[in-house]
Amino acid sequence: MEKKDLVEFNKNVEFLGNDIAKYYDEEGNMKILSVGMLFCQVQFLKVTQQAKKVMLFNREISKDMIFNKEFTMIPQKDEKDPLKVKDVQMEVDLMWKVQNGLGFATIFNNKEEALKVANDMNNKIFILLEEKEDGKK
């Protein structure tokens, strides 16, 4: 489970009951999980070029990904007076990070795709929780 890719992680999750899920992959990694930890959130990010390099190094994104860009004001230390902060207009990449409670995450360059991944997993969990309340399982 070295990789922290949410999409790949979700492919290997099997719901065992209303409160329990099992993660199992081809390498033999296995975990029993509380379904509450699998809920996903989406976070909109405006990423500077410097931060993007760190994300590339950490393999959070691939160098082939293309992101929409916009200009925005970013607070920066004043070079002449380090105690002052000034707003500098910078070009940023627009990203959406989908993450579950276990820390598995995937970065998307498209809001709709990110929301779909998050909603798909969350809806599976909501269905399980509704079945528990109804006493069906």
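In this report, the structure presented in the accompanying data block is examined.

1. Details of the side chain of aspartate 93
Mapping aspartate 93 onto the fold places it in strand β6 (residues 85-100). One polar contact links aspartate 93 to glutamine 49, side chain to side chain, over a distance of 3.0 Å. Among the polar contacts made by the side chain of aspartate 93, one reaches the side chain of lysine 69 at a distance of 2.5 Å. Once residues within four sequence positions are removed from consideration, aspartate 93 is found in contact with Leu45, Lys46, Val47, Gln49, Lys52, Phe67, Asn68 and Lys69.

2. Examining the pattern of salt bridges
One pass over the structure, following the stated rule, counts five salt bridges. Among the ionic pairs, lysine 52 bridges to aspartate 93, the shortest N-O distance being 3.5 Å. With lysine 52 in helix α2 (residues 49-57) and aspartate 93 in strand β6, this residue pair connects regions lying 41 residues apart in the sequence. Residue classification places lysine 52 among the buried residues on the basis of a relative accessible area of 15%. Note that aspartate 93 and lysine 69 form a salt bridge whose closest N and O atoms lie 2.5 Å from each other. Pair noted here: aspartate 93 is in strand β6 and lysine 69 is in strand β5 (residues 69-77), with a separation of 24 residues, a long-range link. With relative accessibility at 0%, the residue aspartate 93 sits in the buried group. You can call lysine 69 partly exposed: its relative accessible area is 41%. Several salt bridges converge on common partners, so that one network encompasses Lys52, Lys69 and Asp93.

3. Section: the packing of aromatic side chains
Counted by the stated rule, this structure contains four aromatic pairs. With centroids separated by 5.4 Å and ring planes inclined at 50°, the aromatic side chains of phenylalanine 39 and phenylalanine 126 adopt a geometry described as tilted. Here phenylalanine 39 is found in the loop between β3 (30-34) and β4 (40-47), whereas its partner phenylalanine 126 is found in helix α3 (residues 111-134), with 87 residues between them in sequence. Following the ring pairs from residue to residue traces out a cluster consisting of Phe9, Tyr23 and Phe104. Just above the ring of phenylalanine 104 sits the side chain of lysine 4; from NZ or CZ to the centre is 4.5 Å. Between lysine 22 and the ring centre of tyrosine 24, over which it is positioned, the NZ or CZ distance is 5.8 Å.

4. Some words on the nonpolar core
Ranked by size, the top nonpolar core spans 22 residues in total, and within it Leu6, Phe9, Val13, Leu38, Cys40 and Val98 carry the most contacts. Only α1 (6-11), β2 (20-24), β6 and α3 provide two or more residues apiece to this core. Tallying contributions element by element places α3 first for this core, with six residues. If near-sequence neighbours (up to four positions away) are discounted, leucine 6 is found in contact with Cys40, Val98, Gln99, Asn100, Phe104, Ala105, Thr106 and Val117. By size, the runner-up hydrophobic cluster in this structure holds seven residues, among which are Met55, Ile61, Phe67 and Met95.

5. Points about the pairing of β2
Burial of the side chains of β2 is restricted to one face: Ala21 and Tyr23 are buried, whereas none of Ile20, Lys22 and Tyr24 on the reverse face is. Relative to β2, strand β1 (residues 13-15) runs antiparallel, the two being bridged by three bridges. When the sheet's bridge partners are listed, phenylalanine 15 is paired in β2 with alanine 21. Joining the antiparallel neighbours β1 and β2 is a turn of four residues.

About the thresholds
Throughout this document, residue positions are counted from 1 along each chain, in the order its sequence is written. Local features in this predicted model are restricted to residues of pLDDT 70 or higher, and side-chain atom pairs are both shown and tallied only at a pLDDT of 80 or more, whereas totals for entire chains, interfaces and linings draw on every residue. Hydrogens and waters are ignored; side-chain quantities use all the structure's heavy atoms. Secondary structure elements follow DSSP: runs of H or I no shorter than four residues count as helices, runs of E no shorter than two count as strands, and numbering proceeds from the N terminus. Nitrogen and oxygen atoms within 3.5 Å of one another constitute a polar contact, given that in protein one can donate a hydrogen and the other can accept it, and given that sequence-neighbouring residues count only through two side-chain atoms. Note on contacts: a residue pair qualifies if any of its non-hydrogen atoms lie within 4.5 Å across the two residues. For salt bridges, the criterion is a side-chain nitrogen of Lys or Arg within 4 Å of an Asp or Glu carboxyl oxygen. When accessible area is computed with a 1.4 Å probe and restricted to protein chains, residues below 20% of their type maximum are described as buried, those above 50% as exposed, and intermediate ones as partly exposed. Pairing of aromatic side chains here covers Phe, Tyr and the six-membered ring of Trp, requires ring centres within 6.5 Å, and sorts the geometry by plane angle: under 30 degrees stacked, over 60 edge-to-face, intermediate tilted. To sit over a ring, a charge needs its Lys NZ or Arg CZ within 6 Å of the ring centre and within 35 degrees of the ring normal. Each nonpolar core is a collection of buried residues, namely Ala, Val, Leu, Ile, Met, Phe, Trp, Tyr and Cys, held together in the definition by side-chain atoms within 4.5 Å. When DSSP locates at least two bridges between a pair of strands, those strands are taken to pair.

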